[in-house]
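Commentary on secondary and tertiary structure
Given next are the chains, with one letter for each unit.
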Amino acid sequence: MTQNPESQLYQASNPLPNSSATNHNPDTNAATAQDYDSDDSVFSLNDYNEDDNQLKVVTLTSNPGYVPSDASDGDCILSDCESDDNEFGVNSDNEHDDVLCIMDADMRANLYIPSHALVIFRVRLYFKNFTELAWAMRQHAVENRFKTYRHKFEKTRITVGCEYYKCPWFLHATKTRFGAMFMVKRHNDLHTCVRLLKNPECTAEFIAWRFENAIIDHPEINVNFIQSELRRMYGIKVGKTKLYRAKKKALETKCADHESSYRLIRSYAQQILSKMPQSLAVVSVVRYNDNEAATHFDKFVLSFPAVRDGFNSGCRPFIGIDGCHLKGPYKGILLSAVALDANNSIFPLAVCICGVENTVTWTWFLGHLKTFIGDTRQLTVMCDRQKGIQNALALEFPNAHVRYCGRHILSNLKAKHPLSDFKAQVWAAARASSKRLFEEAMEDVKKVNVAVYETLRKLPAKYWSQHAFDNQCKTDHVTNNMTESFNAWLGVQRNLPILTMLEWMRKKIMKRMVNRRQKAQAWETTIPGRIYAKMMKNLQIGSANSVCRASEWLYEVDDMGRTYIVDLEHHVCDCGYWQLSGIPCVHAMPCILHAKKDNSQFIHGWLKQDSYLATYSGLIHPIPDKTSWPITDGDDILPPLLRRPPGRPKKNRRRETDEVPVEKRRYRMQCKHCKEFGHNKRGCPVNPQNVNKRTRHYKSHENIQVSKKRKMVSEAGISGAREVVNMHITEGGSTTVSLGMQGKKIVTTTGMMLKVNDGVKIGIRRKDKGKAPAFPPWRTPSTMPL
């Protein structure tokens, strides 16, 4: 099997304007036909062709009480014959247009409009088709908390009633002569039944339809909220299993059509390029067989010119790249490139959707990214050394500085040396901003584990330690948390189809560009909030240091027995942190305060308000609905081949061995009886109120209770622990009780409570009388409604 990738880059085009028609709703002040197409109809239409649903000849017949209209009434009738878009009703130029226009106005006035509002049935209420009527009846049954009994449920007539045979509610509707339309002919809206708490009419399809918008807007919505809303709105109780099915149906039917997303990906790329011509929107397709005509989705990369211009003009030349798994039925990988703005917030740069994460896909993504951004600055790339990233960086960014994520390095060391605790020492070596601090931290690692020390020595320090990082990008990050934050920002959107996910990302970035630009314009200072908070924290920590002034710009600072030289003019400190991050360190901040100078002149230009505004100065153009997307040439793009991995699909991320597990509760449960943690007083094994409860919490108390019961039975004179005996107990009177003991349970034929041995109670169980009959005696199968 061979693969022939075919990539297509679409140029901008001007979409055709959408034409819209104007609707004219005629007045319905003319006389209407009463109960048309019913058993006692006034008018009748003859020569109706049932095969092609066409009206051949229309004949007007009148009953003795019908009086034809005069000329003035005819003008009123003709006023209903205005041109409109109504799909219901027949308008022609023959001599009987007045009858058809009357019927058209009558149907428009009594046409049912589907909505979430309360459904009220009435005679002469029209429905477009059988499905709409059936759905309205289900909605009415849920709203009124009863179950329908379907006597006739056919394509031409519907007769339903209440399942409770004494309830008089019923509805009868038949198909009219106007195509598939139905009309209610008879209806009794009186209910005398007991309303249901668990209504089977409330199906998963109904719940998905009712909460469709809420589930789509908030896919992370909890089923407990839906359950409470159903109880509040309709007074019914629904199980969680049905709610999970409803949530899945809502995501799959409305916006979770994964297959159609792949078919529309070419039109989406064309639409992006038509609105923003300089965008990066490339679709790559593949044929898995040379003789196969069908093309399957392979890769797709997306970025916008506003993001590129914001990165080049306002962001530091620092990019983090990573991949995360998509959770739809076709799976896949989402590759992302994320930058940092002047406030140290994530700034998404580009994304790529592909099937697997390897050297080919990373090279393809980084190659398009390099061509698109066109940045001539010296870039620094943060990655995690997984699945082809190193090879792709060597091919596409050979001159870029590369950093490896310290968290991934630590996790790899833990996997090889699980019995040693060297976490603090490794982090100290990674965050060492000077050569001296790095060597001291490495000596501590060597004392804990020599093998870990040798492994770290083989890895050059320029990839993972701060003291060897380049100082040009003004970033002190030793982890790839920026891309991890972006993956967490996506959240449950990774479950949605690719077009829905991409549109969600585009809208979020579009709104972020506007909101952050407006907020930055209202800042009182030129220093972003997070940068200013770091400066104040460094000032608080370094305020206790001894400062000695040598000149206007040179200072000597003593910190915990060590001396550091600070040069305010060139923004240099011996600790190395100021040069690396662009933010004054704990040694420089006391010197700035001593010199009484402005803080804003000692931070780098990439960390100021001007750079922040330049980052978010662009515009991401809105995109219309997919119904307006252009139709492109080429074969339909099919989804990628579905390769199901072995085992049960995993929903959650695999956690590290020393990682804190997810807590289901925000607090620790404490028992009010024994003051122990982990259970409450209802589950306390030593609480005397729980002695009769048979659950896993009371196993330790079970033997005590059985021994007490056996002792009381023996004191009462019962012999034979496994035999049924007769016992006479006198307590304010003589009572005969048949008791039996079998194993650890006391069985009896009565339901009374006996008091023996100074008021100690023995619970007496009722004897099982068997199951109830299948039908109550007052409602046998012969008396049930037909």
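Please read all numbers here as calculations on a predicted model, not as lab measurements.

1. Quick notes on the packing of aromatic side chains
Under the defined criterion, the tally for this structure stands at 22 aromatic pairs. Centre to centre, the rings of Tyr112 and Phe127 are 5.0 Å apart; their planes meet at 40°, and the pair counts as tilted. Taken as a pair, Tyr112 in the loop between helix 2 (97-109) and strand 4 (126-127) and Phe127 in strand 4 lie far apart in primary sequence, 15 residues in all. Look at Phe127 and you get buried, because its relative accessible area is 0%. With a centroid separation of 5.7 Å and an interplanar angle of 65°, the aromatic rings of Phe438 and Trp464 are classed as edge-to-face. One end of the pair, Phe438, is in helix 15 (residues 435-448); the other, Trp464, is in the loop between helix 16 (450-458) and helix 17 (481-490), with 26 residues separating them in the sequence. When its relative accessible area of 3% is taken as the criterion, Phe438 is described as buried. Assessed through its relative accessible area of 2%, Trp464 is described here as buried.

2. A few points about the side chain of Ser434
Tracing the backbone shows Ser434 in the loop between helix 14 (423-430) and helix 15. When its relative accessible area of 14% is taken as the criterion, Ser434 is described as buried. Residues contacting Ser434, with those up to four places away along its chain left out, are His467, Asp574 and Cys575.

3. As for the sheet that holds strand 18 (residues 562-567)
With antiparallel pairing, the 4 strands of this open sheet are ordered in space as 16-17-18-19. Of all strands in the sheet, those with a lone pairing partner are strand 16 (546-549) and strand 19 (572-573), marking the two edges. Strand direction decides the pairing type here: strand 16 and strand 17 (residues 554-559), joined by 4 bridges, are antiparallel. Among the inter-strand pairings, Cys548 is bridged to a residue of strand 17, identified as Glu556. Strands strand 16, strand 17 and strand 18 of the sheet are contacted by helix 21 (residues 588-595), whose axis makes an angle of about 130° with strand 17.

4. Section: the nonpolar core
Judged by nonpolar contacts, the single largest core of 101 residues is most densely connected at Phe300 and Ile321. In contact with Ile321, other than residues within four places in its own chain, are Ser336, Ala337, Trp362, Leu366, Val381, Met382, Cys383, Ile389, Leu393, Asn480 and Thr483. In terms of nonpolar packing, the next biggest core, distinct from the first, is built from 23 residues, Met535, Tyr564, Phe602 and Leu607 among them.

5. Side note on the packing of helix 9 (residues 265-275) against helix 18 (residues 498-521)
Their axes nearest at 11 Å, the elements helix 9 and helix 18 cross at an angle of 20°. By the angle between their directions, the pair helix 9 and helix 18 is classed as roughly parallel. The handedness of the crossing between helix 9 and helix 18 is right-handed. Here helix 9 contributes Ile265, Tyr268 and Ile272 to the contact with helix 18, which in turn contributes Ile498, Leu499, Leu502, Glu503 and Arg506. Residues belonging to the contact of helix 9 with helix 18 are distributed by class as follows: 6 nonpolar, no polar and 2 charged.

What counts, and at which threshold
Residues numbered from 1 in each chain as written. Predicted model: local features only at pLDDT ≥ 70, side-chain atom pairs only at ≥ 80, totals over all residues. Heavy atoms only, no water. Phe/Tyr/Trp six-rings, centres within 6.5 Å; stacked < 30°, edge-to-face > 60°. Helix = DSSP H or I, 4+ residues; strand = E, 2+ residues; numbered from the N terminus. Buried < 20%, exposed > 50% of the residue type's maximum accessible area, 1.4 Å probe, protein only. Contact = heavy atoms within 4.5 Å. Pairing = 2+ DSSP bridges. Axes fitted to C-alpha atoms, helices over the stretch in contact; angles between N-to-C directions. Core = buried A, V, L, I, M, F, W, Y, C linked by side-chain atoms within 4.5 Å. Parallel < 35°, antiparallel > 145°, perpendicular 65-115°, else oblique. Left-handed = near helix turned anticlockwise from the far one by under 90°. Nonpolar A, V, L, I, M, F, W, Y, C, P; charged D, E, K, R; others polar.

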